[in-house]
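Structural characterization, general
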Amino acid sequence: ERINAGVAQGEFALKLTINAPHRAHQFVRVQPGETYILQGAVRSMNGEGQARLFITQYDASSQLISGAPFLKLEGNQTVWETISGSLTLTPQTQFIKVELDGDRPGSYFFDALRLIRQGELDNRDREIDLPVAFYDWYVQKLTEYQNWQINEVRKYFSGRVDVVFAGKGVLKPAIMGALTNDLRGDGWSEDSRGLYAGTDYERLVSLMDQSPPMALHLTGIEADPPLEVNDLSPYPRDWSASRWLAELAAPHGFELWAENTGCNSVEELWLAASRMRRNRFNGLLWAFEKQLYGIDTSCPSAATITHYENLILFYTLDWPVFLPGVRH
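An account of the accompanying structure is given in this report.

Here is what the cut-offs are and how they apply
- Residues numbered from 1 in each chain as written.
- Predicted model: local features only at pLDDT ≥ 70, side-chain atom pairs only at ≥ 80, totals over all residues.
- Heavy atoms only, no water.
- Helix = DSSP H or I, 4+ residues; strand = E, 2+ residues; numbered from the N terminus.
- Buried < 20%, exposed > 50% of the residue type's maximum accessible area, 1.4 Å probe, protein only.
- Contact = heavy atoms within 4.5 Å.
- Areas by Shrake-Rupley, 256 points an atom, 1.4 Å probe, with all protein chains shown as cover.
- Pairing = 2+ DSSP bridges.
- Salt bridge = Lys/Arg side-chain N within 4 Å of Asp/Glu carboxyl O.
- Expected span 1.5 Å × (residues − 1).
- Disulfide = S-S within 2.5 Å.
- Phe/Tyr/Trp six-rings, centres within 6.5 Å; stacked < 30°, edge-to-face > 60°.
- Lys NZ or Arg CZ within 6 Å of the ring centre and 35° of its normal.
- Axes fitted to C-alpha atoms, helices over the stretch in contact; angles between N-to-C directions.

**Some remarks on the overall build of the chain**
On a plain count of helices and strands, the chain comes out with nine helices and 13 strands. Counting only residues that meet the buried cut, the chain has 42% of its 328 residues in that class. Contacts spanning at least 24 positions in sequence make up 77% of the contacts within the chain whose residues lie at least 6 apart. Of the roughly 18000 Å² that the chain leaves accessible, carbon and sulfur atoms contribute 54%.

**Considerations on the pairing of strand 5 (residues 51-58)**
Most of strand 5 is tucked away: eight of the eight residues are buried. Of the two faces of strand 5, both are covered, the one formed by Ala51, Leu53, Ile55 and Gln57 as well as the one formed by Arg52, Phe54, Thr56 and Tyr58. Alignment of strand 5 against strand 6 (residues 71-75), held across five bridges, turns out to be antiparallel. Paired with Ala51 across the bridge in strand 6 is Gly75. Bridge count for strand 5 against strand 8 (residues 95-102) is eight bridges, and the pairing is antiparallel. Note on strand 8: the bridge partner recorded for Arg52 is Asp101.

**Things to note about the pattern of salt bridges**
Per the stated rule, a full pass over the model turns up 14 salt bridges. Put simply, Arg160 and Asp162 hold a salt bridge, and the shortest N to O gap is 2.7 Å. Classification of Asp162 by relative accessible area gives partly exposed; the value is 29%. Ionic pairing is found between Asp200 and Arg203, a salt bridge with its closest N-O pair at 2.7 Å. Under the relative-accessibility criterion, Asp200 is labelled buried at 5%. Several salt bridges share partner residues, and in doing so they unite Arg23, Arg52, Lys97, Glu99 and Asp101 into one network.

**Things to note about helix 6 (residues 266-278)**
For helix 6, spanning 13 residues, the distance from its first C-alpha to its last is 18 Å, which sits close to the expected 18 Å at 1.5 Å a residue. All of the buried residues in helix 6 are Leu269, Leu271, Ala272, Ala273, Arg275 and Met276. Residue Arg280 follows helix 6 closely and has a positive phi angle near 60°.

**Description of helix 5 (residues 241-249)**
Of all nine residues in helix 5, eight are buried, a share of seventy percent or more. Within helix 5 the residues assigned to the buried category are Ala241, Ser242, Arg243, Trp244, Leu245, Ala246, Leu248 and Ala249. Turning to helix 5, the residues buried within the fold contact strand 10 (161-166), helix 4 (201-206), strand 11 (214-219), strand 12 (255-259) and helix 6.

**A word on the state of the cysteines**
Tallied over the full model, the rule gives one disulfide. Each sulfur of the disulfide joining Cys263 and Cys299 lies 1.6 Å from the other. With Cys263 in the loop between strand 12 and helix 6 and Cys299 in the loop between helix 7 (289-292) and helix 8 (305-317), this pair connects stretches of sequence that are 36 residues apart. In this structure Cys263 comes out as partly exposed when scored by relative accessible area, which is 41%.

**Details of the packing of aromatic side chains**
All chains considered together, the criterion is met by eight aromatic pairs. Centroid distance Phe134 to Tyr138: 6.0 Å. Interplanar angle 5°. Geometry classified as stacked. Here the residue Phe134 and the residue Tyr138 both occupy positions in helix 1 (residues 129-154), the gap between them amounting to four residues, near one helical turn. For Tyr138, a relative accessible area of 25% translates into the label partly exposed. Here the aromatic rings of Tyr145 and Trp148 are separated by 6.0 Å at their centres, their planes lie at 15°, and the arrangement is stacked. Within this pair, Tyr145 and its partner Trp148 are both found in helix 1, separated by three residues, close to a single helical turn. For Trp148, a relative accessible area of 48% corresponds to the partly exposed category. Connected via pairs of aromatic rings, a cluster forms that spans Phe134, Tyr135, Trp137 and Tyr138. Residue placement shows Arg23 over the ring face of Phe54; its charged tip is 3.8 Å from the ring centre. Across from the ring centre of Tyr235, 5.3 Å away, lies the NZ or CZ of Arg237, which sits over that ring.

**Some points on the sheet that holds strand 10**
Spatially, 10-11-12-13 is the arrangement adopted by the four strands of the open sheet, whose pairing is parallel. On the outer flanks of this sheet lie strand 10 and strand 13 (283-285), each paired with one strand and no other. In this sheet, adjacent strand axes meet at a mean angle of 25° when their direction is disregarded. Here strand 12 runs beside strand 13; their pairing, made up of three bridges, is parallel. Residue pairing for strand 13: Glu259 is matched across the bridge by Leu285.

**Observations concerning the environment of Lys15**
Within the element layout of this structure, Lys15 appears in strand 2 (residues 13-18). Spatially, the C-alpha atoms of Lys15 and Ser107 are 6.8 Å apart, while their sequence positions differ by 92 residues.

As structure tokens, this is what we get:
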């Protein structure tokens, strides 16, 4: 949470409230073998828990370097105190992970955080103003193109317009990680094509032309493996694409529709329906015709129209009985 009262320096500080072990972090590109100094102002809400800063070392493949030294700084004062420390990197280190947290449940405050390479006098190459400005412009132009398309359709069609979103897109932490590394293309957050496609869905949806009726249409609703997502988590990065899109649609009252990727199993069919129900989508479309009729030899185990029919029967007859009030 960003706060603007009782800060140590400038206009804002960061307040981190945790109920379980959890760290905020950012990856930063560094020079191998150099010494880096981390400093910042910290304080603890009650003086019992320790506000902590960490640095750990990663190689060119964004893998943690086993046995490499790490840095930990901590302070538990209820008033701002400045903590500082240094770490000499290994010859293999290409990135460091800067983390902050508290050592127990509670609220902790962080301000004036600085990472400095020892002996560095000119740190202008660390400024991210230019890549931030470029990415803002890039996403804004994509948003304008999206809205131009909607307006062109509206000239000739007054029905519901579906705006298609593939998967989850790219979230703010990945965007900031790439910008911090000057959009060089080899950072941990730049592995996904979503960054370069400008799939910042949060901005694309919030700035969307909202001429009704409008709907957001998700492709690949079953794509997120169940063990890799948690739609009950308070953190968007843990959510499935269906939960994320539902969150973005809610303030605008947009309808929500979804479809599968294709060549999906019976288990994935039911997973897709479960996500549709849990996140209050209006409906689910199941592809493709050859797979539905079991004549696609490349997908011999794909769910067919019989499986889809059984799902619809269950959805129509049983869910309204056992889950009253659910959209159906």
